[in-house]
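Each chain is listed here by its residues.
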Amino acid sequence: MLQPALLGGRPAFGTRVPLAEPTLPLSDVLAEELRAVLDSKMLTNGSWVATLERVAAEYLDVNHVVAVSSCSVGLILVLKCLGLTGEVIMPSFTFCATGHAALWNGLEPVFCDCEPDTMNIDPGHAASLVGPRTAAIMGVHVFGAPCNLDDLGLLATRHSLPLVIDAAHAFGSRVAGAPVGAQGAAQVYSLSPTKVLVAGEGGLIATNDGTLAAQLRTARNYGHDGDYDCQMAGINGRLAEINALLAAAGLRYLESNLARRLRLVSEYRAGLADIPGIGFQSVRECDRSTYKDFTITVCPSEFGLDRDQLAAYLDSEGVASRRYFYPPLHEQRVYKDRLRSVRPSLPATERVSRQVLTLPLYSHMPRETVDMICDLIRAAHANRRALARVIRSGRSQGGSSVGVSAAVSAV
Ligand SMILES: *Cc1c(COP(=O)(O)O)cnc(C)c1O
C-alpha cells in the first residue's frame with residue numbers, strides 16, 4: 001500500500017499530472033499546411049475556415065456550420081440572432097459562459113436543477129419553470145454526456161420556444177448512434193485547448209436553419225455582409241485561418257482520440273468502482289459521451305474525506321484536479337446579486353456541485369497514470385482518518401505545511 005506524501009511518503013508523481021492537455025497533430029505533419037497559410041497572406045476569411053465548416057457539417061450531419069472565435073461568442077450570437085427578450089431557462093450546473101450569453105443579450109437566466117445521476121438539466125423541472133416571459137430553453141451536454149434532447153425538444157415545441165444547446169463539451173458525442181448537433185435551433189461547440197477538438201481558441205455553431213446560419217455569418221462579421229452597410233450591431237467573431245487549420249487537422253484524429261479517452265475512462269471506472277463513497281456521472285446506455293472531463297463525486301460520509309480534502313491530497317501527490325462545476329451559477333456573485341429576491345431551490349445542483357471532482361484525462365494520457373491515480377484514491381480512503389487530521393491542521397495553519405492552500409487556490 002502506498003505511503004501518502006502527507007503522511008511522510010514520497011509524492012507519487014515527480015512531474016505533475018495536468019488536468020487536461022490538448023492532443024495535437026505532430027508539428028511536422030502540419031508544417032506544410034501552416035507554411036501555405038502564411039505564404040497565402042490570408043490569415044482570416046480564407047479557405048481553412050470554409051473547409052472546417054464543411055467537414056464539421058459532414059461529421060455532425062447538419063446543414064450548416066458557422067465557425068466563430070469562441071463558443072462564448074457563438075452562444076452570444078445565437079441568442080442575439082434569435083431576437084429574444086425575457087427569460088432563458090438553463091441549468092445552474094454548468095460553466096459560466098452559458099449564463100453569460102444570456103446576460104450579454106439582456107436576457108434573464110432562470111436556473112433549473114440538474115438530474116443527480118446524469119448531472120444534466122432536468123427536463124421535468126424545466127417544464128415547471130416555463131412562464132409568460134420565457135424566451136428560450138438552453139441545455140448543456142455536461143462533460144460531453146448528451147442532455148435529454150427528446151424531452152427538452154418536446155417541451156420547447158409545446159411552448160414554441162427555441163432550444164439552444166451549449167455543446168462546448170460535446171463535439172463527438174452521440175445520441176442513439178447519431179451525432180449531437182441537429183437537435184434544437186442550434187448547438188454551439190468550443191475548440192479551446194481543454195476541449196476534445198482543439199483550434200487553440202474557436203467555436204462552431206451547428207444548425208439546420210438556413211436563415212439563422214446566414215444571420216450568424218453577418219453577425220460574426222461586424223453585422224454586414226461585405227458591403228459595410230451594417231444590418232445589426234455585430235462583432236468580430238471570426239475564427240482565424242491558423243486556428244481553423246488546427247481544428248480541421250484535429251478532426252482527422254478525433255475518432256481515434258475519443259476511442260483512447262473511452263478506454264481510459266473504463267480503466268478509471270474499473271479502478272475506482274469498489275471504493276466506498278466514489279460515484280460517477282451516468283451516461284445513457286445508447287449515448288456516447290466525449291468525456292471532455294472525467295468527473296467523480298465524493299460522498300464525505302462514505303469516503304471519509306470530503307471533495308476538497310481529496311483534492312488537497314491529490315495535489316500533494318502531484319495530481320491536478322478541479323471542481324467542475326463549483327460554485328454553480330446561481331451561487332456566483334454575478335448571478336446571486338440578480339437573484340436576491342428569488343433564490344431558486346436547486347437541491348440536486350447544490351449537492352452535486354459540492355461533491356464533484358474532475359480528475360486528469362487527456363487522449364494521450366498513459367494508462368499507468370490512470371491506474372496510479374486510482375491506487376492513490378484507494379490509499380486516501382484507507383488512510384482517511386490520518387489524512388483528515390493532517391489536512392485539517394494544515395488548513396488551520398494557513399495550509400503552508402501540506403500544500404492545501406496550493407490545491408485550493410488551483411481549483
Ligand atoms: C469551455 C466552455 C464554454 C466556453 O467556450 P469558449 O470557447 O472558451 O468560449 C462554454 N460552455 C461550456 C460548458 C464550457 O465548458
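Report follows, based on the coordinates. Since the structure is predicted, the reported quantities are computational estimates derived from the model, not experimental observations. (Residues numbered from 1 in each chain as written. Predicted model: local features only at pLDDT ≥ 70, side-chain atom pairs only at ≥ 80, totals over all residues. Heavy atoms only, no water.)

A word on the environment of Asp166. Take Asp166: it is sitting in strand E5 (residues 163-166). Each C-alpha atom, one on Asp166 and one on Arg284, is 19 Å from the other, the two residues being 118 residues apart in sequence. When neighbours within four sequence positions are excluded, Asp166 is seen to be in contact with Cys71, Leu75, Thr94, Thr98, Gly139, Val140, His141 and Val188. (Helix = DSSP H or I, 4+ residues; strand = E, 2+ residues; numbered from the N terminus. Contact = heavy atoms within 4.5 Å.)

Relative to the assigned elements, Asp122 resides in the loop between strand E3 (108-112) and helix H5 (123-129). Owing to a relative accessible area of 24%, Asp122 belongs among the partly exposed residues under this scheme. Aside from chain neighbours lying at most four places away, what touches Asp122 is Cys112, Asp113, Cys114 and Glu115. A polar contact is formed between the side chain of Asp122 and the backbone nitrogen of Gly124, at a distance of 2.9 Å. (Buried < 20%, exposed > 50% of the residue type's maximum accessible area, 1.4 Å probe, protein only. Polar contact = N/O pair within 3.5 Å; in protein donor to acceptor, adjacent residues only side chain to side chain.)

Glancing now at the site of the ligand. In the vicinity of the ligand, the residues found are Ser70, Cys71, Ser72, Phe95, Ala97, Asp166, Ala168, His169, Ser190, Ser192, Lys195 and Gly202. One nitrogen or oxygen atom from the side chain of Ser72 is found 2.6 Å from an oxygen atom belonging to the ligand. Between the ligand and Lys195 there is a distance of 3.3 Å, counted from an oxygen atom to a side-chain nitrogen or oxygen. (Near = heavy atom within 4 Å.)

Let's shift gears to the nonpolar core. Counting 48 residues, the largest nonpolar core has Leu52, Leu60, Val65, Phe171, Tyr189, Leu204 and Leu254 as the members making the most contacts within it. Going through the elements one at a time, helix H1 (27-40), helix H2 (47-60), strand E1 (64-68), E3, helix H6 (149-158), E5, strand E9 (203-207) and helix H8 (241-272) are the ones with two or more residues in this core. Tallying contributions element by element places H8 first for this core, with eight residues. When neighbours within four sequence positions are excluded, Val65 is seen to be in contact with Glu53, Ala56, Ala57, Leu60, Leu204, Ile205, Ala206 and Arg217. Counting 36 residues, the second largest nonpolar core, distinct from the first, contains Ile275, Leu314, Leu359 and Ala388. (Core = buried A, V, L, I, M, F, W, Y, C linked by side-chain atoms within 4.5 Å.)

What follows covers the state of the cysteines. Tallying each qualifying case throughout the model produces zero disulfides. Counting only cysteine sulfurs, Cys114 is the nearest neighbor of Cys112, a cysteine outside any disulfide, at a range of 8.8 Å. We classify Cys112 as buried; its relative accessible area is 1%. Free of any disulfide, Cys286 has its nearest cysteine sulfur in Cys147, 13 Å distant. (Disulfide = S-S within 2.5 Å.)

This paragraph deals with the packing of aromatic side chains. Inspection of the entire model under this criterion finds ten aromatic pairs. With centroids separated by 5.2 Å and ring planes inclined at 70°, the aromatic side chains of Phe171 and Tyr189 adopt a geometry described as edge-to-face. Of this pair, Phe171 sits in the loop between E5 and strand E6 (174-175) while Tyr189 is found in strand E8 (residues 186-190), placing the two residues 18 residues apart along the sequence. Per residue, the accessibility class of Phe171 equals that of Tyr189, and both read buried. Where Tyr291 meets Phe294, the ring centres are 6.4 Å apart and the plane angle is 50°; that geometry is what we call tilted. Across the pair, Phe294 and Tyr291 agree in class, each one buried. Taken together, Phe93, Phe143, Tyr324 and Phe325 form an aromatic cluster joined through their ring pairs. Stacked on the ring of Phe95, the Lys or Arg Lys195 has its end atom at 5.8 Å from the ring centre. The ring of Tyr326 is capped by Arg307, whose NZ or CZ atom sits 4.7 Å from the centre of that ring. (Phe/Tyr/Trp six-rings, centres within 6.5 Å; stacked < 30°, edge-to-face > 60°. Lys NZ or Arg CZ within 6 Å of the ring centre and 35° of its normal.)

Attention shifts here to the sheet that holds strand E2 (residues 87-91). Reading across from one edge, E1-E9-E8-E5-E4-E2-E3 is the order of the seven strands in this open sheet, with mixed pairing throughout. The outermost strands of the open sheet, each flanked by one partner alone, are E1 and E3. Direction aside, neighbouring strands of the sheet carry axes that sit 25° apart on average. Pairing of E5 with E8 involves three bridges; the strand directions are parallel. From the neighbouring strand, Val164 faces E8, where its bridge partner is Ala186. Sheet contacts for helix H3 (residues 71-81): E1, strand E4 (134-140), E5, E8 and E9; angle to E8, the most-contacted strand, approximately 165°. (Pairing = 2+ DSSP bridges. Axes fitted to C-alpha atoms, helices over the stretch in contact; angles between N-to-C directions.)

Let us look at the pairing of E3. When you tally the buried positions in E3, you get four out of five residues, the bulk of the element. For E2 and E3, the ladder comprises five bridges, and the chain directions are parallel. Residue pairing in the sheet places Met90 in a bridge with Phe111 of E3.

Read these as geometric descriptors, not functional statements.
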